[in-house]
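What the coordinates show
The residues making up each chain are set out below.
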Amino acid sequence: MRFLKGLLIVITLIVIASVTWYGSYKNDMKELEDGLRTYLTAEKGMDEHDIISITARRSKLPMYPVVVILKDNPQEVVYTYREEQWVQLWPDP
């Protein structure tokens, strides 16, 4: 019985840690997407309605690619946030 309680506590801790990590990861991706949206509209002068989607993708650190699809260009444009600035990775600027 004591073994079962210990096992249940360990499983509960693993589930809580997993949910916490996933929530943190999703929050980080959302912050990247919102940051790029702000950059494109405020600094680049794009209209909010010209942006179809902005999606952060999981990748190897330290670079998380953020993919933008624009209304007038069906080709994906990939940015990353590096050294406190947004850098366009693809296609070459």
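Refer to the structure presented above.
My aim in this report is to walk through the structure given alongside it, one point at a time.

Cut-offs and rules
Note that residues are indexed from 1 along each chain, following the sequence as it is written. For this predicted model, a pLDDT threshold of at least 70 governs which residues receive local features, and a threshold of 80 or more governs which side-chain atom pairs are given and counted, while totals over whole chains, interfaces and linings are taken from all residues. Note: side-chain values were computed over all heavy atoms of the structure, leaving out hydrogens and water. The patch calculation keeps residues exceeding 30% relative accessible area without a salt bridge and links them within 9 Å when they carry like charges or within 5 Å when they are nonpolar (Val, Leu, Ile, Met, Phe, Trp, Tyr). Residue-level accessible areas treat just the shown protein chains as cover; the underlying method is Shrake-Rupley with a 1.4 Å probe. Salt bridges are defined as contacts in which a side-chain nitrogen from Lys or Arg sits within 4 Å of a carboxyl oxygen from Asp or Glu. By the criteria applied, helices consist of DSSP H or I runs no shorter than four residues and strands consist of E runs no shorter than two, each listed in order from the N terminus. Relative accessibility thresholds used throughout: buried, under 20% of the residue-type maximum; exposed, over 50%; partly exposed, between the two (1.4 Å probe, protein chains only). Strand pairing follows a simple DSSP-based rule, namely that at least 2 bridges must link the two strands. To obtain each axis, a line is fitted to C-alpha atoms, and for helices this fit is confined to the stretch in contact; angles are then taken between N-to-C directions over 0 to 180 degrees. Contact criterion: two residues are considered in contact whenever any of their non-hydrogen atoms come within 4.5 Å of each other. In summary, the pairing rule links any two rings of Phe, Tyr or Trp, Trp by its six-membered ring, whose centres are within 6.5 Å, and it sorts them by plane angle into stacked for under 30 degrees, edge-to-face for over 60 and tilted for everything else.

Judged by side-chain polarity, Met1, Phe3, Leu4, Leu7, Ile11, Val15 and Val19 come together as a nonpolar surface patch covering roughly 780 Å² of accessible area. Along the chain, Leu4 falls in helix α1 (residues 2-43). Taking relative accessible area as the criterion, Leu4 reaches 55% and is therefore assigned exposed.

A word on the pattern of salt bridges. Throughout the structure, instances matching the rule amount to three salt bridges. Between Arg37 and Glu48 there is a salt bridge whose closest N-O contact spans 2.9 Å. With Arg37 in helix α1 and Glu48 in the loop between α1 and β1 (51-56), this residue pair connects regions lying eleven residues apart in the sequence. We classify Arg37 as partly exposed; its relative accessible area is 26%. Arg57 is the salt-bridge partner of Glu76, the closest N and O atoms lying 3.1 Å from each other. Within this pair, whereas Glu76 is found in strand β3 (residues 73-82), its partner Arg57 is found in the loop between β1 and β2 (66-70), the two being separated by 19 residues in sequence. Overall, Glu76 belongs to the partly exposed group, its relative accessible area being 29%. Arg57 sits in the partly exposed class, given a relative accessible area of 38%.

Attention now moves to the sheet that holds strand β4 (residues 85-90). Strand order in the open sheet formed by four strands is β1-β2-β3-β4, with antiparallel pairing between adjacent strands. Sheet topology places β1 and β4 at the edges, where each strand pairs with a single neighbour. Sheet twist, expressed as the mean angle between neighbouring strand axes with direction ignored, is 30 degrees. In terms of strand pairing, β2 meets β3 through four bridges, oriented antiparallel. Following the sheet pairing, Val66 is matched in β3 by Tyr79. In this fold α1 packs onto β1, β2, β3 and β4, with an angle of close to 140 degrees to the strand it touches most, β1.

Right, let's get into the packing of aromatic side chains. A ring pair, where both rings are aromatic, is described by two values, the distance of the centres and the angle of the planes. The final tally for this structure, using the stated rule, is four aromatic pairs. Measuring from ring centre to ring centre gives 5.6 Å for Trp21 and Tyr25, while their planes differ by 10 degrees; the resulting arrangement is stacked. A residue pair is termed a helical-turn pair when its members lie 3 or 4 positions apart in one helix, as Trp21 and Tyr25 do in helix α1 at four residues. Under the relative-accessibility criterion, Tyr25 is labelled buried at 17%. Seen in terms of ring centroids, Tyr39 and Tyr79 are 6.3 Å apart; in terms of plane orientation they differ by 70 degrees. Their pairing is edge-to-face. Of this pair, Tyr39 sits in helix α1 while Tyr79 sits in strand β3, and the two are 40 residues apart along the sequence. Tyr79 matches Tyr39 in its accessibility class, with the two residues each being buried. Here the aromatic residues Trp21, Tyr22 and Tyr25 are joined through ring pairs into a cluster of three or more.

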